[in-house]
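# Structural features, examined
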Amino acid sequence: MWLGRMLDKKNVPSENEIKNHIGEKSVEHIEIIRKSLGKIFEINMELKFPFGNSYGWGYKVSHKSKHLFYIFFEENSITIMLQIKKIVTEKDTDKYSKLTEEGKKYWEESYPCGKNGGWIHYNIQNKKQLRDIGIFLSVKTNKEIEL
């Protein structure tokens with residue numbers, strides 16, 4: 001499904017193996033996520049192999065017991081997988097307007113999930129894309145999140 005994921009379920013990766021696999025820029029992106037969300041939530045990042053061999057190893061990011069999103073490890077990058085809702089309110093429309101064109105496309109092309117939203121798999125290569133994730137999370141959580 002995705003290239004360069006850590007797909008060996010039997011080999012639990014060490015922190016060093018993860019860092020070497022995703023690269024310095026992605027390590028920085030994870031730290032930005034951890035620090036920014038830690039100001040608002042009680043963040044828990046658990047190493048998981050959640051959905052079988054297509055997804056591989058990643059972090060499940062939660063606030064207390066509420067799941068927020070997954071960070072999947074890829075060669076020299078990370079992908080954020082999160083559930084988003086449909087745009088309903090004026091506040092949602094305002095947040096949507098602040099997304100990059102790429103972020104808007106992810107929202108519009110989300111994989112349907114129920115009547116009220118869908119899933120996105122956003123590959124993060126730069127800070128603009130990370131900022132989009134903050135906007136998605138702001139809509140999801142009704143908190144102001146800047147990444």
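In this report, we go over the structure that sits alongside the text. (Residues numbered from 1 in each chain as written. Predicted model: local features only at pLDDT ≥ 70, side-chain atom pairs only at ≥ 80, totals over all residues. Heavy atoms only, no water.)

### Describing the pairing of strand 4 (residues 77–85)
Of all 9 residues in strand 4, 7 are buried; the element is thus mostly enclosed. The pairing of strand 3 (residues 66–74) with strand 4 spans 5 bridges and is classified as antiparallel. Bridge pairing in strand 4 places Y70 opposite M81. The antiparallel hairpin formed by strand 3 and strand 4 contains 2 residues in its connecting segment, where N76 sits at a positive phi of about 60°. Pairing of strand 4 with strand 6 (residues 117–124), which is carried by 8 bridges, proceeds in the antiparallel orientation. By the bridge assignment, I78 is partnered in strand 6 with I124. (Buried < 20%, exposed > 50% of the residue type's maximum accessible area, 1.4 Å probe, protein only. Helix = DSSP H or I, 4+ residues; strand = E, 2+ residues; numbered from the N terminus. Pairing = 2+ DSSP bridges.)

### Looking at the layout of surface pockets
Looking at the largest pocket, its volume works out to about 160 Å³. If you go around the largest pocket, the residues you meet are K95, K98, R131, G134, I135, S138, E144, I145, E146 and L147. Sort the elements by how many residues they give to the lining of the largest pocket and helix 5 (residues 127–141) lands first, with 4 residues. Residue composition of the lining of the largest pocket, by class: 3 nonpolar, 2 polar and 5 charged. (1 Å grid on protein atoms, 1.4 Å probe; cavity = no way out; pocket = protein on both sides within 12 Å on 5 of 7 lines; lining within 4 Å. Points joined across faces, edges and corners; volume = space filled by probe spheres on them. Nonpolar A, V, L, I, M, F, W, Y, C, P; charged D, E, K, R; others polar.)

### A look at the nonpolar core
F69, I71, I80, I133 and F136 are the most contacted members of the largest nonpolar core, which totals 35 residues. Broken down by element, this core gets its largest block of residues, 6 residues, from helix 5. Setting aside chain neighbours within four positions, we find F69 in contact with I33, L37, Y59, K60, V61, I80, M81, L82 and L137. (Core = buried A, V, L, I, M, F, W, Y, C linked by side-chain atoms within 4.5 Å. Contact = heavy atoms within 4.5 Å.)

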